[in-house]
Amino acid sequence: MIKETLEKIEQLRDKTLLAIKDSIYVEAVNDIRVKTLGKKGELTTVLKQMGSLAPDERPIIGAKANEVRETVETAILEQTAKLKTLRDEQNIKKETIDVTLPGKRRPLGKSHPLRVVLEDLKDIFRSMGYTVVSGPEIEEVRFVFDMLNTPAGHPARDESDTFYINDDVVLRTQTSSVQIRAMLENKLPIAIISPGRVYRRDEVDATHSPVFHQCEGLVVGKDITFADLKGTLETFMKRLYGNSVRLRFRPHQFPYTEPSAEVDLSCFKCGGNSDTGDSGSAQSGYCSFCKNEGWIEMLGAGVVHPQVLINCGIDPEIYSGFAFGVGLERITMMRYEIDDMRLLYENDIRFLRQF
Ligand code: DAH
């Protein structure tokens, strides 16, 4: 009986040691431990049966069982350590970074051309001492029209041009409304620009959009004259387009300025030469930019109408001012030689990447 039991224990030891040696996972070794040495393990079961042995046989079997237990435990510890080291080594190999591999490029975004021009414009005017302010796009009729000397019945207020929210509120058709807000709010003197969106009931085409951008400028103080306006706009345009451009002031009519002017820029594409009809000029041929006019209309401007000052509680006997309004799309299209305004809104990445 004792011989059988001893053999059984030895068989169990050999089988277990073999299984441990063959294990390739730490988890498998652990399973063997449970299966052999655990509460219901095979060796434990053998020991539990000791009660059925003769008293003098028990110490022999007990000693053998303990010896086997120790052997198995040692084998488990050794195999576990070996497998862990192996796993660590493999992980290190797997996680090694090959610094010679090419990096993954992250596509970098770019500013929209309208944004670039807007930032330039703000820089230019800030450097001349102007403050950048903004006004609401949903605006009171009195700020867009009435106080700008544009009374009811004036064609500019026509419903076919203006989006009316109700009789007193519109989507502003021009940033000129901010002039009024600035004069009502600010202490004199005033030197502001105000860029922003404006809305008109226009069909979309290459040069029109129901939403576009303007930038308003307003200066009010003592002894401000048309000459200041000319100097300011000249500085502005030269900073934008280079020192060789020339400005032309054409008489015009705006309700809120007197005198008023439309300001043209000499065509920077053909140098303003294509209008001379001079076939000997270096840039002879058709200029699609100025349509051979030699000049490109850029903005509206003028000396602030005394009535507008009065509307804002400013005494026109003491103070005077000038104002201008320029389309941002126009400046942008000129600068980058873009011939269709819709390109600015479609967000076609192939177009935007070019800038
Ligand atoms: N508001 C005009 C427009 O939308 C532009 C303009 C002209 C603004 C003359 C002015 C100005 O401030 O004095 O076309």
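Residues numbered from 1 in each chain as written. Predicted model: local features only at pLDDT ≥ 70, side-chain atom pairs only at ≥ 80, totals over all residues. Heavy atoms only, no water.

S.K.: Can you lay out unusual backbone geometry for me, pointing to particular residues and giving the numbers?
M.R.: Cis geometry is found at the peptide bond from Leu188 to Pro189, where omega equals -5°. Structurally, Pro189 is set in the loop between α7 (177-185) and β5 (190-199). Of note, the bond from Glu258 into Pro259 is cis; its omega dihedral lies within 30 degrees of zero at 0°. Summarising the element assignment, Pro259 is placed in strand β8 (residues 257-266). For Asp223, which is not glycine, the phi dihedral falls at a positive 60°. A positive phi is found at Asn347, a non-glycine position, where the angle reads about 55°. Here Asn347 lies in the loop between α11 (343-346) and α12 (349-352). (Helix = DSSP H or I, 4+ residues; strand = E, 2+ residues; numbered from the N terminus.)

S.K.: Please set out the site of the ligand residue by residue, giving values where relevant.
M.R.: In the neighbourhood of the ligand, 15 residues make up the surrounding shell, with Gln174, Gln179, Gln214, Glu216 and Tyr256 lying closest. In the model, an oxygen atom of the ligand is placed 2.5 Å from a nitrogen or oxygen of the Glu216 side chain. For the ligand, the accessible surface in isolation is 350 Å², of which the surrounding protein chains cover 89%. Listed by contribution, the elements that provide at least two residues to the shell around the ligand are β6 (211-221), β9 (295-304) and β10 (320-327). Across the shell around the ligand, the residue classes break down as five nonpolar, eight polar and two charged. (Near = heavy atom within 4 Å. Polar contact = N/O pair within 3.5 Å; in protein donor to acceptor, adjacent residues only side chain to side chain. Areas by Shrake-Rupley, 256 points an atom, 1.4 Å probe, with all protein chains shown as cover. Nonpolar A, V, L, I, M, F, W, Y, C, P; charged D, E, K, R; others polar.)

S.K.: Break down the side chain of Thr162 for me, with residues and values.
M.R.: With respect to the secondary-structure elements, Thr162 resides in the loop between α6 (141-144) and β3 (164-166). If we skip the residues at most four places from it in the chain, Thr162 touches Phe145, Ala156, Arg157, Val170, Leu171, Thr173 and Arg201. (Contact = heavy atoms within 4.5 Å.)

S.K.: Any chance you could break down the packing of aromatic side chains for me, citing the residues and the numbers?
M.R.: In the structure shown here, the tally under the stated rule is seven aromatic pairs. Both rings, one in Phe254 and one in Tyr256, keep their centres 5.9 Å apart while their planes meet at 20°; by these two values the pair is stacked. A relative accessible area of 12% places Tyr256 in the buried class. Residues Tyr336 and Phe355 carry aromatic rings whose centres are separated by 4.9 Å and whose planes lie at 65° to one another, so their mutual orientation is edge-to-face. Of this pair, Tyr336 sits in helix α10 (residues 328-336) while Phe355 sits in the segment after α12, and the two are 19 residues apart along the sequence. Among the residues examined, Tyr336 registers a relative accessible area of 26% and is labelled partly exposed. Judged by relative accessible area, which is 24%, Phe355 ranks as partly exposed. Of the aromatic side chains, those joined through ring pairs into one cluster are Phe125, Tyr130, Phe236 and Phe324. Against the face of Phe249 rests Lys230, its NZ or CZ located 5.4 Å from the ring centre. (Phe/Tyr/Trp six-rings, centres within 6.5 Å; stacked < 30°, edge-to-face > 60°. Buried < 20%, exposed > 50% of the residue type's maximum accessible area, 1.4 Å probe, protein only. Lys NZ or Arg CZ within 6 Å of the ring centre and 35° of its normal.)

S.K.: I'd love a proper account of the pattern of salt bridges, names of residues and values included.
M.R.: In total, this model carries 19 salt bridges according to the counting rule given. Across the pair Glu119 and Lys122 runs a salt bridge, and its minimum N-O distance is 3.5 Å. With Glu119 and Lys122 both in helix α5 (residues 113-127) and three residues apart, this pair spans about one turn of that helix. Accessibility expressed as a relative area gives 30% for Glu119, which makes it partly exposed. One salt bridge connects Arg181 with Glu139, and the closest N-O pair in it is separated by 2.7 Å. Placement of Arg181 in helix α7 and of Glu139 in strand β2 (residues 138-140) is noted, with a sequence separation of 42 residues between them. (Salt bridge = Lys/Arg side-chain N within 4 Å of Asp/Glu carboxyl O.)

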